[in-house]
Every structure is written in structure tokens, then in C-alpha cells.
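What follows is the residue order along each chain.
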Amino acid sequence: MRTGVRIGIDPGDARIGVARSDPSGFLATPVETVRRGRGDLGRVAAIVTEHEAVEVVLGLPRSLSGREGPAAVKTREFASRLARSVAPVPVRLVDERLTTVSAEAMLRDRGRKGSDRRSVVDQAAAVLILQHALDTERATGTAPGEIVEETR
């Protein structure tokens, strides 16, 4: 298992959930929710720098069949721009099927209500994305997902 802080990202249309791992790469925890729009990429890049991250793990939305639709295209475009912003820190795309649904259910089960839940669901989804990536790497010995090439 590689060491170093990883940043997990759940990119949505309105908000970007951000999580981080501990330096040993064992546990993912929430960091913040970044509002989409002007300056969002800069804020995410600043978080990567603040936490001295060695890698960024970004959730790639796929359908249950594994196909990529319009949301995946937008995510790939965002990932490419993010890779350019955080270089030389690598950015990886990992499958994130149903993470937001799972995060919503988890928060609902813990008693979070409506708008209170919406304010943290993106962070919870980022935690699930990152934790899955960490667990996969620990189980297989290889980094999960695919490396994103930065675009100019």
C-alpha cells in the first residue's frame, strides 16, 4: 500500500464533495463541499495543496450496466482540467456507481433531515468513493481506476 494523503472528489452539477485520507491511506474522512462555479477548480486545487496530497481520486459516474453517459463526459472534462491544475499530482478516475444513493441512505439512517442532509451528502459520497479506492488498493496491491491525462 502506497502512503500519503489522497483527496477524494465527488463532482456534481451544483456541488463538489471533498474527502481526504489519513497519511497511511487507511481511512477517508470528509473535508468540505465546494460550490460549483467560478473558482471551484481553484478551491479544489488549494485543498490538494493544503493537505499535501499525493493523489486525487475522482468518482466517475456510470450506469448500472457500466456504460458512460453525459454525466461521465462532464466528469472526464472536469478531471482533465483538474489534472492540469494539480500537476504533478496524479488524478485517477474510479467507478462511483451508486455512491450518492448510498451516502443519502447512510445520512438518512443517521437521522439527517432534508437540507441538513443535502449540505453534507456530497462530502459523504466523496468519502465513499475514496474509501472504496483505498480498500481496493489494499486488497489488490494496485492503484484503482485510470490515470487522467491533463489537457491544455
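Trainee: Pulling in residues and values, what's your account of the overall build of the protein chain?
Mentor: Counting its regular elements, the protein chain contains 4 helices and 6 strands. For the protein chain, the sequential pattern of α-helices and β-strands runs β-β-β-α-β-α-β-α-α-β. For the protein chain, with 152 residues in total, the buried portion stands at 41%. In the form shown here, the protein chain has an accessible surface area of approximately 7900 Å², with 53% of it arising from carbon and sulfur atoms.

Trainee: Would you mind going over the pattern of salt bridges in detail, with residue names and values included?
Mentor: Per the counting criterion, the structure on display carries 12 salt bridges. The salt bridge partner of Glu55 is Arg2, with a shortest N-O separation of 3.0 Å. Separated by 53 residues along the polypeptide, Glu55 in strand 4 (residues 55–60) and Arg2 in the segment before strand 1 (6–11) bring together distant segments of the chain. Among the residues examined, Glu55 registers a relative accessible area of 2% and is labelled buried. Residue Lys74 is joined to Asp13 by a salt bridge in which the shortest nitrogen-to-oxygen separation is 3.0 Å. Residue Lys74 is found in helix 2 (residues 70–86), and its partner Asp13 is found in the loop between strand 1 and strand 2 (15–21); the two are separated by 61 residues along the sequence.

Trainee: Break down the nonpolar core for me, citing the residues and quoting the values.
Mentor: Counting 25 residues, the largest nonpolar core has Ile7, Ile9, Val56 and Leu82 as its most contacted members. At 6 residues, the largest contribution of residues to this core is made by helix 2. Ignoring sequence-local partners within four residues, the contact set of Val56 consists of Ile7, Ile9, Val48, Leu82, Val89, Pro90, Val91 and Arg92. One finds Ala19, Ala28, Val94 and Ile129 within the second-largest nonpolar core, a separate group that totals 10 residues.

Trainee: Let's hear about the environment of Ile47: which residues, and what values?
Mentor: Tracing the backbone shows Ile47 in helix 1 (residues 40–50). When the C-alpha positions of Ile47 and Val86 are compared, they lie 10.0 Å apart, and in sequence the two are 39 residues distant. Setting aside chain neighbours within four positions, we find Ile47 in contact with Ile7, Val18, Val31, Glu32 and Val34.

Trainee: With reference to specific residues and values, describe the pairing of strand 4.
Mentor: The element strand 4 is extensively covered by neighbouring structure, given that 6 of its 6 residues are classed as buried. Looking at chain direction, strand 1 and strand 4 are connected through 4 bridges and run parallel. Note on strand 4: the bridge partner recorded for Arg6 is Glu55. Here strand 4 runs beside strand 5 (residues 91–95); their pairing, made up of 5 bridges, is parallel. By the bridge assignment, Val56 is partnered in strand 5 with Val91.

Reading the values: the criteria
- Residues numbered from 1 in each chain as written.
- Predicted model: local features only at pLDDT ≥ 70, side-chain atom pairs only at ≥ 80, totals over all residues.
- Heavy atoms only, no water.
- Helix = DSSP H or I, 4+ residues; strand = E, 2+ residues; numbered from the N terminus.
- Buried < 20%, exposed > 50% of the residue type's maximum accessible area, 1.4 Å probe, protein only.
- Areas by Shrake-Rupley, 256 points an atom, 1.4 Å probe, with all protein chains shown as cover.
- Salt bridge = Lys/Arg side-chain N within 4 Å of Asp/Glu carboxyl O.
- Core = buried A, V, L, I, M, F, W, Y, C linked by side-chain atoms within 4.5 Å.
- Contact = heavy atoms within 4.5 Å.
- Pairing = 2+ DSSP bridges.

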